[in-house]
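Understanding the architecture of this molecule
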Amino acid sequence: MKPVPTQPPNDSRPLPRRRLLVPLACAAALLSACAVGPDYARPDAPVPQDYKEARGWQPAAPQDDVPRGDWWAVFADPVLDALMRRVDIDNYTIQAAEAQYRQARELTAQAGAALYPTVNASVSKTRTQGTQSSTVLSSNLQNNYSALLSPTWEIDLWGGLRRGREAASAAEQASAADLESARLSARAQLAASYFQLRVLDAQHVLLSETVQAYERALQITRNRLASGVVTPADVAQAESQLQTARTNLLDTGLSRAQTEHAIALLVGKAPADFALTAGALTDAVPEVPAGLPSTLLQRRPDIAAAERRMAAANAQIGVAVAAFFPTLTLSAQGGYQSTTYADWFTRPSRIWSVGPQLAATLFDGGARSAARRGAEAAYDAEVASYRQTVLTAFQEVEDNLAALRILAQEQQTQEAARNAAKTSLNIVSNQYRAGTVTYLDVVQAQTTLLTAESNLLNIRNRRLAASVGLVKALGGGWEVPGES
C-alpha cells in the first residue's frame, strides 16, 4: 500500500483525497440513515372516561366574551389585572425558569452541532536546537513555520449523536413546559393570595363594625347600670366581649400585612416598597367547565414536561447503545510548512493529509453495559413519574370540582344561618331592653352572629380559592367546546 503523500504532485490531476472522501461520505450517509436504540412512543397513562365529581353537575356554559388566556380577567378586578401583568415580568421564579429554558435551548444547539464537521486552524513558529552527534555538543538551530487547516468529522453511523440531539430537544421542550408551569403557578398563587387579602379586608370591616356595635352595647349597659336596671356583671361581660373583638381586629391586621408581603414577593418587590389599599371582595365565582379528561394531557404544562423528560430518557438509551459500536471519523489537514519565512507560503511548502479512522472499544469492564442498563432504569423512572403526574392532575381537578360543588351549597346554608342569627340578635336585644332576658343572652346572640358572618367570609374565600385551583388544575384558562 502506498503511503499518503505529504506534498501534492506538480501536475493538475485531481487530488487523491477527493476520490477517497466522496465514497466514504456517501457510505456514511447511507449508514447514518438508521439510529440504534428504541424509537419513542408515549406509554399509556391512567385516564378516566369522565370526572367523578362532574357527573350530574352542570356548570354554566361560558359566553363568547369570557376570556380564555387571561383567565383572571373573569373576576373583573383591575387591581388583580395589574398585578398579573407585573408577575409575568418581575417574578424571580419565572425569570429563573426562563433562563433555564434559554440554557436548554443552547444545549440543544450544542448537541446538534456535533453532527457537523469541525474545522480548526493553527499558525505557529517554533525554533529548535539539537545536536549533530551524541559526542559533539555543537548546536543546530532551526526555525519552523506552520499554517494548517484541520477539518474533522465524526460520521454518525449508528445514530448516537442524533439520539443525543433528540434527548436535548426533548429536554428543551420540557424546560419550556416548566416555564409555563412556573407562570401558571405564580399566577394562581397570586390570585389566591389576592383574594385572601380581600377576605381579610372584609373581615376587618366586619370586625370594625362589630367593635362599634359592642361599644354602643357597652354604653347602653353602663347607662342601665347607672339606672339600677342591671348588675355590674353585665357591664363586665360587655367589656370583655368588646376587648375580644378589638383583639381579633388587631390580629386581622397582622394576617393582612403578612399576606400583602407574600404578594410583594410574587411581583418581585420588597415588602417595604409595596402596598395595596383596602378593597371589596368580589362575588364573582366563575363556573369553569372541566372539559374532557383526555384534554388534560395536552393542557397541563407539568404533564407535558413529564412526558418530554420521558422522551429524553428514551433517547438516552439510544446514546448508550451506540457506544457499543465503532466510531468513524474523517479527518484531513492542509496548509503550508517551511523552515524559512521566505518560502513559507510557496507551492513547494504545501502539505496535506487525509484519511478515515475507525475506532472501537474492545473491553471496558462492563461500563457500557452498565450505562445502558442505567439509561433503561432512568426511562422506567420517568414513565412512573409521568403516570403519577397524570394521576395527581386528575386528583387536583376532582378535588376542586368537589370543593366548588359543596362550597356553593355551604354558602347557601351559611347565608341562611347568618340571616337567622341577625333575627335572633334583634329579638334578644329587644327582650334585654324589656328586661326579660339577661345580658348573657345578648352576648351569646352577638357571638353567634359574628361567627356566622366570619364563617360566611371563610366559605367565600374557599370558593374563590377552589375556582383558582380548578383553573390551575386544568392547565390555565379554558376553551368553549366546539370552538375553533
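Structural data are supplied above this passage.
Each value, and the rule that gives it
- Residues numbered from 1 in each chain as written.
- Predicted model: local features only at pLDDT ≥ 70, side-chain atom pairs only at ≥ 80, totals over all residues.
- Heavy atoms only, no water.
- Helix = DSSP H or I, 4+ residues; strand = E, 2+ residues; numbered from the N terminus.
- Expected span 1.5 Å × (residues − 1).
- Buried < 20%, exposed > 50% of the residue type's maximum accessible area, 1.4 Å probe, protein only.
- Arc of directions from axis to C-beta.
- Contact = heavy atoms within 4.5 Å.
- Polar contact = N/O pair within 3.5 Å; in protein donor to acceptor, adjacent residues only side chain to side chain.
- 1 Å grid on protein atoms, 1.4 Å probe; cavity = no way out; pocket = protein on both sides within 12 Å on 5 of 7 lines; lining within 4 Å.
- Points joined across faces, edges and corners; volume = space filled by probe spheres on them.
- Nonpolar A, V, L, I, M, F, W, Y, C, P; charged D, E, K, R; others polar.
- Salt bridge = Lys/Arg side-chain N within 4 Å of Asp/Glu carboxyl O.

A few words now on helix α3 (residues 92-113). Here α3 spans 32 Å end to end across 22 residues, near enough to the 32 Å set by a 1.5 Å rise per residue. Within α3 the residues assigned to the buried category are Ile94, Ala97, Ala104, Thr108, Ala111 and Gly112. Buried residues of α3, seen end-on, are gathered within an arc of 100° and therefore sit on one face of the element. Opposite the buried face of α3, by more than 90 degrees, sit the exposed residues Tyr92, Gln103 and Gln110. Those residues of α3 that are buried are in contact with α2 (78-90) and α4 (160-226). At the N-terminal end of α3, a side-chain oxygen is found 3.0 Å from the backbone nitrogen of Thr93, two or three residues along, and the residue is Asn91.

Taken as a whole, the largest pocket spans an internal volume of roughly 510 Å³. Taken together, 21 residues form the lining of the largest pocket, with Ala213, Tyr214, Leu425, Ser429 and Gln446 sitting closest to its centre. Breaking the lining of the largest pocket down by element, the ones donating at least two residues are α4, α8 (367-434) and α9 (439-473). A breakdown of the residues in the lining of the largest pocket according to their chemical character gives eleven nonpolar, five polar and five charged.

Further remarks concern the pattern of salt bridges. Enumeration according to the criterion identifies 20 salt bridges in this entry. For Glu215, the salt bridge goes to Arg246, with nearest N and O atoms at 2.8 Å. Note that Glu215 is positioned in helix α4 and Arg246 in helix α5 (residues 232-266), a separation of 31 residues in sequence. Judged by relative accessible area, Glu215 falls into the partly exposed class, the value being 34%. When its relative accessible area of 31% is taken as the criterion, Arg246 is described as partly exposed. A salt bridge links Arg300 to Glu396; the nearest nitrogen and oxygen atoms lie 2.8 Å apart. Taken together, the positions of Arg300 in the loop between α6 (296-299) and α7 (301-322) and Glu396 in helix α8 put the pair 96 residues apart, joining distant regions of the chain. Among the residues examined, Arg300 registers a relative accessible area of 4% and is labelled buried.

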